[in-house]
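If you want the building blocks of each chain, they are given just below.
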Amino acid sequence: MIVTVVSMPEATVTRADVAEARERLATERFVLVDIELPGEGPEAGSVAEELGLEAEGLDWFGRVDEPPRAEYLGDRAGLVVPVVQGERIALVHVLVTERFLATVHRGQAGLAMPMTRALTHERPSDAVAVLFLMLGEALGSFRRAAVQALLETEELEDDMFEERLPEQVRELARLRRRSALLHHYLRPFLELTDEMLTRRMMSPTFPEQRQRLAREFQTSGRLVLADLESLQEATRRAFGSYSSLVAGEQNGVINRLAIVSVVFLPLSFLTGFFGMNFTFLTDKLESRDEFWLFAIGLQLLVLLLSLYVLHRTRIWRRLREGD
């Protein structure tokens, strides 16, 4: 367990043990505590107990595989915030009161450096303002992931018009899965936070400044969600484009096979017909002239008729225009 304590408003970052973090949470007026757990971590509920927090209602705090959450717990609020970290989605457990903000995550959650820079420049006035900074950084990670995936989808769609490769289908499937994963984590979280913030903003005791921060977060959340929906639409469109291009190529192959059939099926019929050992064919057609007339002349005539039909129906021209 790695414990980092940030003293505010100076934004002084120090490493501490659990006992020191517990003491500072109980005594200091404005402090932030970040706890990084290993992959397995302690049992559910032990994190709140070790920090000296009232454990009632905090059985989820630090629990593995806890889904996104946002709820108001009287004098405190508890959230499980999804954060995009590379190819995976990390979950940061957050507990905020008027005096402190405590976070728990398993492994590096990707918010340490952005939050340090934000605290240095923004100088938030209280723990709730820090919470909204953290939520903004989490939304920013989703926005960056959505924009990056959208650019990859557009580049892949451009490449498909030059050449179709099996790797493109696999890459499109990965991007589509990526968009679904981002949407799967962000949308429930935004719905939960909207519900919690709406109830809080209806309270006359909720300060005007916090109402402004809440509205800004809700607006940013809707914009990021729109970016994710645009990404999903782009991946669906790219799949449709790939299918249309492949279908067009297959139609071209079928048309070429049709041309070959128009030319060679009559010739095959004549060859099979005159190759049968009927008495008329074997006894009556005896001269060389008759052989050349039926064996070569008829086939040349059929070939010319086939080419004339193809020319009149303009199948050649349509194939050239398709190419």
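See the structure above.
Overview of the structure. (Residues numbered from 1 in each chain as written. Predicted model: local features only at pLDDT ≥ 70, side-chain atom pairs only at ≥ 80, totals over all residues. Heavy atoms only, no water.)

1. Digging into the sheet that holds strand S5 (residues 77–85)
Strand pairing in a sheet takes place through backbone hydrogen bonds and is either antiparallel or parallel in direction. Pairing within the open sheet is mixed, and its 7 strands lie in the order S2-S1-S3-S7-S6-S5-S4. Unpaired on one side and paired on the other, strand S2 (12–16) and strand S4 (69–72) mark the two borders of the sheet. Pairs of neighbouring strands in the sheet enclose a mean axial angle of 20°, with direction left out of account. Here strand S1 (residues 2–7) pairs with S2 via 5 bridges, running antiparallel. From the neighbouring strand, Val3 faces S2, where its bridge partner is Ala16. (Pairing = 2+ DSSP bridges. Helix = DSSP H or I, 4+ residues; strand = E, 2+ residues; numbered from the N terminus. Axes fitted to C-alpha atoms, helices over the stretch in contact; angles between N-to-C directions.)

2. Considering the pairing of S1
Along S1, 5 of the 6 residues are buried, which leaves the element largely enclosed by surrounding structure. Looking at chain direction, S1 and strand S3 (residues 31–37) are connected through 6 bridges and run antiparallel. Pairing of Ile2 across the sheet is with Glu36, part of S3. (Buried < 20%, exposed > 50% of the residue type's maximum accessible area, 1.4 Å probe, protein only.)

3. Quick look at the packing of aromatic side chains
What the rule picks out here adds up to 1 aromatic pair. Relative to Phe61, the ring of Trp60 has its centre 5.6 Å away and its plane inclined at 85°; by these criteria the two rings are edge-to-face. Under the relative-accessibility criterion, Trp60 is labelled buried at 0%. Take Phe61: its relative accessible area is 0%, and that puts it in the buried class. The ring of Tyr72 carries Arg200 above its face, with NZ or CZ at 4.3 Å from the centroid. (Phe/Tyr/Trp six-rings, centres within 6.5 Å; stacked < 30°, edge-to-face > 60°. Lys NZ or Arg CZ within 6 Å of the ring centre and 35° of its normal.)

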